[in-house]
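# Structure at a glance
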Amino acid sequence: MWWLWRKGPSGFSYSSTAEEVTEGIDGSGLTAIVTGASSGIGTETTRILALRGVHVVMGVRNMEAGKGVKEAIAKEIPAAKIDAIELDLSSMASVRKFASEFNSSHLPLNLLINNAGIMATPFMLSKDNIELQFATNHIGHFLLTNLLLDTMKKTSVKMKKEGRIVNVSSMAHKYTYREGIRFDKINDQAGYSSVLAYGQSKLANVLHANELSRRLKEDGAEITANSLHPGPVTTNLFRHLSFVEGLVSKLGSYVLKNVQQGAATTCYVALHPQVKGITGEYFADSNLAKASKHGTDVNLAKKLWDFSMNLVK
């Protein structure tokens, strides 16, 4: 397993932890939103950002779980600044309420980490009648980002500091439906594959970051937008794939990342000086990586943007 420790150009590898990739970085004065912060790599991302002095606002569906995370981190890091606001990404009403509550707080916003996700669920529709994985993993984050963008732009101008938007995607974006995004069949139950629908939603995360990056450049905003693959991580994401869950429990400690390693690329892209000015890129193992052919399709990204705008209206 020597390759797990082989460092890339950034100086980090598959086995690097979030603590290692942010060592010596001072995030004091920065404010971040982390979605899906009450479990898995979202919790570890929150912990590391707080450890580096960042004020973290957790977007959590389960406020009780969020409170538990906040208390656990405060016990370890007494100076941690953490808040929690309720957020259900499968509901546009909840996303709007979260954004309104955050914007009303008059806090700055330097980092937006679109981390929350569900994986390979049986066919279900969201509260807004959109296939659940696409709704939660992409549409919820697309709407949230749009609603917070003005605050991020004002923050970057006022603080003269680069804002960063980080979409946690997956290598699974390479395993989607043949056409990439099934615009006219998003809710087609007959042709539904839980695994390919997951891949479709993760491809949407990559395309969203790419098109957002292009638009921010056009606007002259000092905000970057990137996507990443956290690596195969031992989290509860696999609960809908029983055969995979079995493998995870047997092989997890040998080939899968733990949450400390799984949160590394997110924290690297969010905080590291090496990433300054880099935008519209895809990362893995805290290094630049290559997205799929669909993931670099400029026209597909534009089409997805327009499609998503129509859905959130």
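Residues numbered from 1 in each chain as written. Predicted model: local features only at pLDDT ≥ 70, side-chain atom pairs only at ≥ 80, totals over all residues. Heavy atoms only, no water.

### Quick notes on the pairing of strand β4 (residues 111–114)
Rules: Categorising residues by exposure relies on relative accessible area from a 1.4 Å probe, with only protein chains included: less than 20% of the type maximum marks a residue as buried, more than 50% marks it as exposed, and the intermediate range marks it as partly exposed. Secondary structure elements follow DSSP: runs of H or I of four or more residues count as helices, runs of E of two or more count as strands, with numbering from the N terminus. When DSSP locates at least two bridges between a pair of strands, those strands are taken to pair. If you view a crossover with the strands going away from you and the path from the first strand over the helix to the second runs clockwise, you call it right-handed.
Residues Leu111 and Ile113 line one face of β4 and the alternating positions Leu112 and Asn114 line the opposite face, and both faces are buried. Bridge count for strand β1 (residues 31–35) against β4 is three bridges, and the pairing is parallel. Residue pairing across strands places isoleucine 33 opposite leucine 112, the latter belonging to β4. With four bridges connecting them, β4 and strand β5 (residues 163–168) associate as parallel partners. Each bridged residue has a counterpart across the sheet, and for leucine 111 the counterpart in β5 is arginine 164. Crossover handedness for the path β4 to helix α5 (residues 132–159) to β5: right-handed.

### As for the packing of α5 against helix α10 (residues 298–312)
Condition: Angles here are taken between N-to-C directions and fall from 0 to 180 degrees, while the axes themselves are lines fitted to C-alpha atoms, restricted in helices to the stretch in contact. Convention used here: angles under 35 degrees read as roughly parallel, angles over 145 as roughly antiparallel, angles from 65 to 115 as roughly perpendicular, and any remaining angle as oblique. Contacts are assigned to residue pairs with any non-hydrogen atoms lying within 4.5 Å of each other. Throughout, the ten residues Ala, Val, Leu, Ile, Met, Phe, Trp, Tyr, Cys and Pro are labelled nonpolar, Asp, Glu, Lys and Arg are labelled charged, and all others, Gly among them, are labelled polar.
Contact geometry for α5 and α10: axes closest at 10 Å, N-to-C directions at 85 degrees. Relative to α10, α5 is oriented roughly perpendicular. When α5 is examined against α10, the residues Phe134, His138, Ile139, Phe142, Leu143 and Asn146 are found in contact with a partner set consisting of Leu304, Trp305, Phe307, Ser308, Met309, Leu311 and Val312. Classifying every residue of the contact of α5 with α10 gives 10 nonpolar, three polar and no charged.

### A word on the pattern of salt bridges
As a reminder, the rule being used: What counts as a salt bridge is simple: a side-chain nitrogen of Lys or Arg found within 4 Å of a carboxyl oxygen of Asp or Glu.
Here the structure, examined in full by the defined rule, presents 12 salt bridges. Linking glutamate 222 and lysine 276 is a salt bridge whose minimum nitrogen-to-oxygen distance equals 3.7 Å. One end of the pair, glutamate 222, is in the loop between α6 (194–219) and β6 (223–229); the other, lysine 276, is in the loop between α9 (264–271) and β7 (282–284), and 54 residues separate them in sequence. Taking relative accessible area as the criterion, lysine 276 reaches 53% and is therefore assigned exposed. In the salt-bridge network here, residues are joined through shared partners; they are Glu19, Glu44, Arg47 and Glu76.

### Concerning the sheet that holds strand β8 (residues 287–289)
Spatial strand order, β3-β2-β1-β4-β5-β6-β7-β8: eight strands in an open sheet with mixed pairing. Of all strands in the sheet, those bounded by a partner on one side alone are β3 (81–86) and β8. Each strand axis lies, on average, 25 degrees off the axis of its neighbour in the sheet, ignoring direction. With three bridges joining them, β7 and β8 adopt antiparallel strand pairing.

Keep in mind that these numbers describe shape and distance, not what the molecule does.
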